[in-house]
Amino acid sequence: MLKLIRLLLGSIIAILDLLTRGSKLKRTIDSQNQLEEEIKNLTIYQFKLCPFCIKTRRALHKLNLPIALLDAKNDSIAREILLEQGGKIKVPCLRIENDNEVTWMYESNDIIKYLTQRFA
Ligand SMILES: N[C@@H](CCC(=O)N[C@@H](CS)C(=O)NCC(=O)O)C(=O)O
């Protein structure tokens with residue numbers, strides 16, 4: 001029953017999000033291309049209907065950041081990697097790869113703040 005309510009609420013939030021999304025941040029073709037190179041070492045582990053993930057995807061849309069998204073509910077490999085390397089199954093989680101170092105950032109507010117500071 002709780003699962004059904006979550007599914008229903010998640011679906012309503014996802015539809016409202018799609019209907020109320022504003023416009024994307026506009027960049028020149030060159031700066032968008034450069035940014036797309038920079039975001040290649042970023043990945044977001046998420047669930048489709050999690051409200052915190054929807055909030056994060058909304059920020060990605062606004063910032064025009066086509067970061068790779070992995071479905072940690074249905075993709076068993078992504079789920080296992082999140083658990084083993086990130087440390088827990090909690091979404092959204094941003095994986096940041098810098099040279100030889102990998103950081104797993106949990107908490108939607110922290111993720112949005114980090115992306116906004118870096119790319120807005
Ligand atoms: N405060 C966290 C809350 C994240 C959260 O509670 N995510 C839920 C999904 S909505 C989760 O990962 N639950 C673990 C699970 O379902 O296994 C945030 O803002 O990111």
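Just above sits the structure.
Residues numbered from 1 in each chain as written. Predicted model: local features only at pLDDT ≥ 70, side-chain atom pairs only at ≥ 80, totals over all residues. Heavy atoms only, no water.

## Quick word on the packing of helix H3 (residues 51–63) against helix H5 (residues 108–119)
Piece 1. Viewed as axis vectors pointing N to C, H3 and H5 meet at an angle of 10°, and their least axial separation amounts to 9 Å. On the basis of the axis angle, H3 is roughly parallel to H5. Counted together, Phe52, Lys55, Thr56, Ala59, Leu60 and Leu63 of H3 and Ser108, Asn109, Ile111, Ile112, Leu115 and Thr116 of H5 form the full contact between these two elements.
Piece 2. Split by residue class, the contact of H3 with H5 holds seven nonpolar, four polar and one charged. (Axes fitted to C-alpha atoms, helices over the stretch in contact; angles between N-to-C directions. Helix = DSSP H or I, 4+ residues; strand = E, 2+ residues; numbered from the N terminus. Parallel < 35°, antiparallel > 145°, perpendicular 65-115°, else oblique. Contact = heavy atoms within 4.5 Å. Nonpolar A, V, L, I, M, F, W, Y, C, P; charged D, E, K, R; others polar.)

## Quick word on the site of the ligand
Piece 1. Taken together, the neighbourhood of the ligand is formed by Phe47, Cys50, Phe52, Ile89, Lys90, Val91, Pro92, Glu107 and Ser108.
Piece 2. Contact between the ligand and serine 108: an oxygen atom at 2.6 Å from a side-chain N or O atom of the residue.
Piece 3. Bound to the protein, the ligand loses 68% of the 510 Å² it would expose on its own.
Piece 4. Here the residues of the shell around the ligand are counted per class, giving six nonpolar, one polar and two charged. (Near = heavy atom within 4 Å. Polar contact = N/O pair within 3.5 Å; in protein donor to acceptor, adjacent residues only side chain to side chain. Areas by Shrake-Rupley, 256 points an atom, 1.4 Å probe, with all protein chains shown as cover.)

## Some points on the layout of surface pockets
Here the idea is plain: a probe the size of a water molecule rolls over the atoms and shows the empty space left.
Piece 1. Looking at the largest pocket, its volume works out to about 550 Å³.
Piece 2. Considering the residues around the largest pocket, the lining is formed by 22 residues, among which Arg6, Phe47, Leu49, Cys50 and Lys73 are closest to the centre.
Piece 3. Elements represented by at least two residues in the lining of the largest pocket include exactly helix H1 (2–20), H3 and H5.
Piece 4. Ranked by residues supplied to the lining of the largest pocket, first place goes to H1 with six residues.
Piece 5. A class-by-class count of the residues in the lining of the largest pocket yields eleven nonpolar, four polar and seven charged. (1 Å grid on protein atoms, 1.4 Å probe; cavity = no way out; pocket = protein on both sides within 12 Å on 5 of 7 lines; lining within 4 Å. Points joined across faces, edges and corners; volume = space filled by probe spheres on them.)

## Quick notes on a nonpolar patch on the surface
Piece 1. A contiguous nonpolar surface patch, about 1100 Å² in accessible area, is contributed by Met1, Leu4, Ile5, Leu7, Leu8, Leu9, Ile12, Ile13, Ile15, Leu16 and Leu19.
Piece 2. Counting through the fold element by element, leucine 8 comes out in helix H1. (Patch = residues over 30% accessible without salt bridge, like charges linked within 9 Å, V, L, I, M, F, W, Y side chains within 5 Å. Salt bridge = Lys/Arg side-chain N within 4 Å of Asp/Glu carboxyl O.)

## A short note on the environment of arginine 79
Piece 1. Here arginine 79 is to be found in helix H4 (residues 76–86).
Piece 2. In this structure arginine 79 comes out as partly exposed when scored by relative accessible area, which is 33%.
Piece 3. Apart from residues lying up to four places away in sequence, arginine 79 is in contact with Phe47, Ala72, Lys73 and Ile89. (Buried < 20%, exposed > 50% of the residue type's maximum accessible area, 1.4 Å probe, protein only.)

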